[in-house]
Amino acid sequence: MTRIFLLAFILVLSAPVFSWAVQPDEMLQNPVLEARARTLSQQLRCMVCQNESIDESDAPLAHDLRVLVRERLQAGDSDAQVLDFLVARYGEFVLLKPRLSWRTAMLWGLPPGLLLIGITLLVGAAARRRGRAQEPAPNLTAAEQARLKKILADTGVS
């Protein structure tokens with residue numbers, strides 16, 4: 001009996017993980033179109049939640065976008081045409097993974113650029129340290145050596 005309650009408890013806790021925001025009334029009858037719609041929905045950002053796809057979001061705007069995607073697919077649009085339509089309407093921000101273009105070059109190039117700058121600075125700092133450690137100690141003149149011996153003798157250091 002305890003095992004049944006434990007299993008039920010685990011299922012209840014894991015239910016939110018397995019649930020999606022797509023409602024049964026949104027789903028298309030054609031399984032091929034529905035699969036395409038789900039794939040597209042996972043690539044589009046919820047404009048309300050911002051870090052969730054419209055496939056995962058419960059926001060009303062995400063629902064409207066899911067319905068719009070399905071309408072466009074039923075109208076005969078290709079996946080690229082649906083994405084282009086949504087980008088034209090909402091901008092590149094609607095894509096979870098923005099396309100590489102001249103407008104998004106900084107977005108794509110900044111992280112690797114900062115990484116390269118950091119590596120260059122670290123390598124340069126290490127080279128400077130190595131260079132300082134390998135410098136020979138300066139030679140003392142005869143007068144400096146005599147003065148050093150006198151100081152050491154006065155302090156009692158041999």
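Our subject is the structure that appears above.
For clarity, every value in this text was computed on a predicted model and none was experimentally measured.

Thresholds applied
- Residues numbered from 1 in each chain as written.
- Predicted model: local features only at pLDDT ≥ 70, side-chain atom pairs only at ≥ 80, totals over all residues.
- Heavy atoms only, no water.
- Helix = DSSP H or I, 4+ residues; strand = E, 2+ residues; numbered from the N terminus.
- Buried < 20%, exposed > 50% of the residue type's maximum accessible area, 1.4 Å probe, protein only.
- Areas by Shrake-Rupley, 256 points an atom, 1.4 Å probe, with all protein chains shown as cover.
- Expected span 1.5 Å × (residues − 1).
- Arc of directions from axis to C-beta.
- Contact = heavy atoms within 4.5 Å.
- Axes fitted to C-alpha atoms, helices over the stretch in contact; angles between N-to-C directions.
- Parallel < 35°, antiparallel > 145°, perpendicular 65-115°, else oblique.
- Left-handed = near helix turned anticlockwise from the far one by under 90°.
- Salt bridge = Lys/Arg side-chain N within 4 Å of Asp/Glu carboxyl O.

## A few points about the overall build of the chain
The secondary structure content of the chain amounts to six helices and zero strands. Helices (α) and strands (β) of the chain occur, in sequence order from the N terminus, as α-α-α-α-α-α. Relative to its full complement of 158 residues, the chain shows a buried share of 22%. Within the structure as shown, the chain displays about 12,000 Å² of accessible surface, and the carbon and sulfur contribution to it stands at 64%.

## Let's talk about helix 2 (residues 31-43)
Taking 1.5 Å per residue as the helical rise, helix 2 with its 13 residues ought to reach 18 Å, and the 19 Å between its terminal C-alpha atoms agrees with that figure. Within helix 2, burial applies to Leu33, Glu34, Ala37, Arg38, Leu40 and Ser41. The buried residues of helix 2 occupy one face: seen down the axis, they fall within an arc of 165°. Along helix 2, the residues that are exposed and aim more than 90 degrees away from the buried face are Pro31 and Val32. Check the buried side of helix 2 and you find it contacts helix 3 (60-74) and helix 4 (79-90).

## A look at the packing of helix 3 against helix 4
A pair of packed helices is characterised by two quantities: the angle between their axes and the separation of those axes. Contact pair helix 3 / helix 4: the axes reach a minimum separation of 10 Å and the direction vectors enclose 135°. In terms of orientation, helix 3 and helix 4 fall into the oblique class. Judged by the twist between their axes, the crossing of helix 3 over helix 4 is right-handed. For the pair helix 3 and helix 4, the contacting residues are Leu65, Leu68, Val69, Arg72 and Leu73 in the first and Asp79, Val82, Phe85, Leu86, Arg89 and Tyr90 in the second.

## Structural notes on the pattern of salt bridges
Enumeration according to the criterion identifies four salt bridges in this entry. Linking Arg70 and Glu34 is a salt bridge whose minimum nitrogen-to-oxygen distance equals 2.8 Å. Here Arg70, found in helix 3, pairs with Glu34, found in helix 2; they are 36 residues apart in sequence, far enough to count as distant. When its relative accessible area of 2% is taken as the criterion, Arg70 is described as buried. Judged by relative accessible area, which is 10%, Glu34 ranks as buried. Residue Asp79 pairs with Arg36 through a salt bridge whose shortest N-O separation is 2.8 Å. On the criterion of sequence distance, the pair formed by Asp79 in helix 4 and Arg36 in helix 2 is long-range, its members being 43 residues apart. By relative accessible area, Asp79 is classed as partly exposed at 29%.

## Remarks on helix 3
With 15 residues, helix 3 extends 21 Å between its outermost C-alpha atoms, agreeing within 8% with the 21 Å of an ideal straight helix rising 1.5 Å per residue. Burial in helix 3 covers these residues: Ala62, Leu65, Arg66, Leu68, Val69, Arg70 and Leu73. On its buried side, helix 3 packs onto helix 2 and helix 4.

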